[in-house]
Amino acid sequence: MSTGVRYFSGASLNRPVGATGIMGWLTTIDHKRIGILYGASALIFFILGGFEAFLMRIQLSHAEAGVVSPEVYNQLFTMHGTTMIFMVVMPMTAAFFNFALPLMLGARDVAFPRLNAFSYWTFLFGAILMNISFLSGGAPSVGWFAYSPLTDALFSPTTGVDFWILGLQVLGVASLAAAFNFIVTIINLRAPGMTMMRMPVFVWMTLVSSFLIILAFPVITVAITLLLFDRQFGTQFYNTAAGADPLIWQHLFWAFGHPEVYILILPAMGIVSEVLPVFSKKPIFGYTSLVVAGIVIGLMAWVVWSHHMFTVGLGSAANSAFAVTTMFIAVPTGIKIFNWIATMWGGVVKLNTAMLFSIGFIALFIIGGLSGVMHAVVPSNTQQSDTYFIVAHLHYVLFGGSIMGLTSGFYYWWPKMTGRMMNEFLGKLHFWLSFIGMNVTFFPMHFLGLNGMPRRIYTYSEGQGWDLWNFVSTAGVFIIGLSVVVLAQNIWVTLKRGENAGNDPWDGRTLEWSIPSPPPEYNFAEIPTVTHRDAYWHEKYSEGHDGRPVRIEGIEKTQTDKNAGEIHMPSPTYYPMILSLGITLLAGGLDSHLAVSFVGGFISIASIYLWALEPATAPSAHDDQGAH
């Protein structure tokens, strides 16, 4: 009998003694806990961003409404877009990267545990810094892509844009720290025998999106730094009166912004590629083509940005070139969709909550992808530009795509995170409310856009033919809100009295299902040795005489039959959190008082110095005995 992995547990673990309770969470460098912190924070910001969208839809529910003022409305749509992209989808993907990635690789931790903690706290403080603008003269009111010259000090004299810039800078530091960490983890910490082409698809999509982050964020960093200089130091990078060209901003922003779309969607594609095989009882169809398609999407992301700029007068040659690349990028995406459908075809499909969200992802992402291909046609794009048709497309890709895929991952890995099963009735109710609410909210926006309704509009007069579909769209928001209430109830019920999940409730295929739920701090008592793709499935099953898989009896016992000796884990520490606070104060002081920046700079330097002197691990009891 050929087996893929050897599994042992019950190790005598030498763990540093750290704080418990709330202090334990503040000092943790355990990648699983950091993943949970990312996820919990993203859910809070999801509620905040959803509330901003709710107010906008109430304002647009009927003609000439006066629920909020025009200025507040502009602040709402600016912060809604920014929140959902940088404070919801990105940290939610980071939650799964943190929690699942080392487990799927057969590793005990990420490559740089303290840097991992630093990335979370920097994200959290950066998000808070950006939202402080609501309390300091008003949030930015320039749209999430902040086109110049609207962002100039002349047209946006309050500090809202400055908070937006500085908050985004801090969030960028967090994203870059995390991305480097994940890349090094994937390259260096794979279990013995796990070649690149034996890695789970989710790990591949993590790798591609991490490279996109480290290449894309410097572009937006340059753009917003130049804007900050214009606003605070009198430079003229975007000032047309001084001979500058505001199209520089658009090129820089969208050269970042379109790779950002794939930073948001590739992790969800990776999750779906893990969920579908498990609940179809089949290996993923076309593993190699799926991986290659993901890499091609990552490469092609850099040559499609100007389809956002077909109406700015770039000329027929440039428009034609970007139209062709925009059409071509649909090819690897189509390959993925056909592979997912082929994975389910002929399988023993189990329609539980995680599977329903993955299937919902495919259905809704197809709609968003088709409307995206329409934008590759220059005349069509020109008519639809800056209308609600674009809003519909964006949400079918990022809500129907990213959010649905990430929610599938939430239900899929929840038993591993908590050791408890989610309530399936509430889970399926959550799915159907989300699926129906999403379509009721956003599909009518296609009609509104084709009927001429501009995006970012505060109100409209009667008789334009927009009343009905705006009312329907607003009704859909209430359905989505109800779905969030059901999700919250499911989380509460599960944590209180959820059914015990066991190690492997889904009959999983990858390494994380071979260890206890929730996993111990050290993950694996003995690092597994991998000889197959879908390594844990090959450990549990052998091929029968008829070619069908036959489960190997007693496999559960072989996972807990060894004592692996002593395992040293890194010590908890406050310094990543303190350094993140110092950097945030350093940035925030530019919008309040330079004294705050000096304090932040001092805290940053001091924490870096103390961090460098801190031992990597605390002395173990064994080391103490040896010293005597």
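Here, the structure is the one placed above.
These remarks concern the structure in this document. (Residues numbered from 1 in each chain as written. Predicted model: local features only at pLDDT ≥ 70, side-chain atom pairs only at ≥ 80, totals over all residues. Heavy atoms only, no water.)

Some details on the packing of helix α4 (residues 113–131) against helix α18 (residues 575–588)
- Running from amino to carboxyl end, α4 crosses α18 at an angle of 35°, the nearest separation of the two axes being 8 Å. Remark: the crossing between α4 and α18 carries right-handed chirality. Within the contact between the two elements, α4 uses R114, A117, F118, W121, T122, F125, G126 and L129 and α18 uses P576, M577, L579, S580, L581, I583, T584, A587 and G588.
- For the contact of α4 with α18, a count of residues per class yields 11 nonpolar, 5 polar and 1 charged. (Axes fitted to C-alpha atoms, helices over the stretch in contact; angles between N-to-C directions. Helix = DSSP H or I, 4+ residues; strand = E, 2+ residues; numbered from the N terminus. Left-handed = near helix turned anticlockwise from the far one by under 90°. Contact = heavy atoms within 4.5 Å. Nonpolar A, V, L, I, M, F, W, Y, C, P; charged D, E, K, R; others polar.)

Notes on the pattern of salt bridges
- Throughout the structure, instances matching the rule amount to 8 salt bridges.
- With a shortest N-O distance of 3.4 Å, D507 and K281 are connected by a salt bridge. Placement of D507 in the loop between α15 (467–497) and α16 (535–540) and of K281 in the loop between α7 (247–280) and α8 (287–300) is noted, with a sequence separation of 226 residues between them.
- When its relative accessible area of 15% is taken as the criterion, D507 is described as buried.
- A salt bridge links D507 to K540, with the shortest nitrogen-to-oxygen separation between them at 2.6 Å. Within this pair, whereas D507 is found in the loop between α15 and α16, its partner K540 is found in helix α16, the two being separated by 33 residues in sequence. In terms of burial, D507 and K540 fall into one category: buried.
- Ionic contacts of the salt-bridge type, sharing partners, join the residues K281, D504, D507 and K540 into one network. (Salt bridge = Lys/Arg side-chain N within 4 Å of Asp/Glu carboxyl O. Buried < 20%, exposed > 50% of the residue type's maximum accessible area, 1.4 Å probe, protein only.)

Some details on helix α10 (residues 330–344)
- Over its 15 residues, α10 runs 22 Å from end to end, which matches the ideal 21 Å to within 8%, given 1.5 Å per residue.
- When α10 is considered as a whole, its buried residues turn out to be P332, T333, G334, K336, I337, N339, W340, A342, T343 and M344.
- Looking at the buried side of α10, the elements it contacts are α6 (201–233), α7, α8, α9 (316–328) and α11 (353–374).
- Note on α10: the residue one or two positions beyond its end, G346, has a positive phi of about 80°. (Expected span 1.5 Å × (residues − 1).)

Brief notes about the packing of aromatic side chains
- Counted by the stated rule, this structure contains 48 aromatic pairs.
- Relative to F443, the ring of Y396 has its centre 6.3 Å away and its plane inclined at 80°; by these criteria the two rings are edge-to-face. A residue pair is termed long-range when its members are at least 10 positions apart, and Y396 in helix α13 (residues 388–418) and F443 in helix α14 (residues 424–450) qualify at 47 residues.
- Its guanidinium or amino end placed over the ring of W25, R33 lies 4.0 Å from that ring's centre, counting from NZ or CZ.
- The ring centre of Y287 lies 3.7 Å from the NZ or CZ of R533, which sits over that ring. (Phe/Tyr/Trp six-rings, centres within 6.5 Å; stacked < 30°, edge-to-face > 60°. Lys NZ or Arg CZ within 6 Å of the ring centre and 35° of its normal.)

Examining the side chain of T83
- Here T83 shows up in helix α3 (residues 70–105).
- Beyond its immediate sequence surroundings of up to four residues, T83 is in contact with F45, G49, E52 and V88.

A few points about the nonpolar core
- Within the largest apolar cluster, 166 residues are counted, with the highest numbers of intra-cluster contacts made by F123, W340, F361 and W413.
- When near neighbours in sequence (up to four residues on either side) are disregarded, W340 contacts M269, V272, S273, L276, I284, L290, F361 and I362. (Core = buried A, V, L, I, M, F, W, Y, C linked by side-chain atoms within 4.5 Å.)

Quick word on a nonpolar patch on the surface
- Together, I22, M23, Y574 and I578 make up an exposed nonpolar region whose accessible area comes to about 350 Å².
- Within the secondary structure layout, Y574 lies in the loop between β4 (566–568) and α18.
- By relative accessible area, Y574 is classed as partly exposed at 37%. (Patch = residues over 30% accessible without salt bridge, like charges linked within 9 Å, V, L, I, M, F, W, Y side chains within 5 Å. Areas by Shrake-Rupley, 256 points an atom, 1.4 Å probe, with all protein chains shown as cover.)

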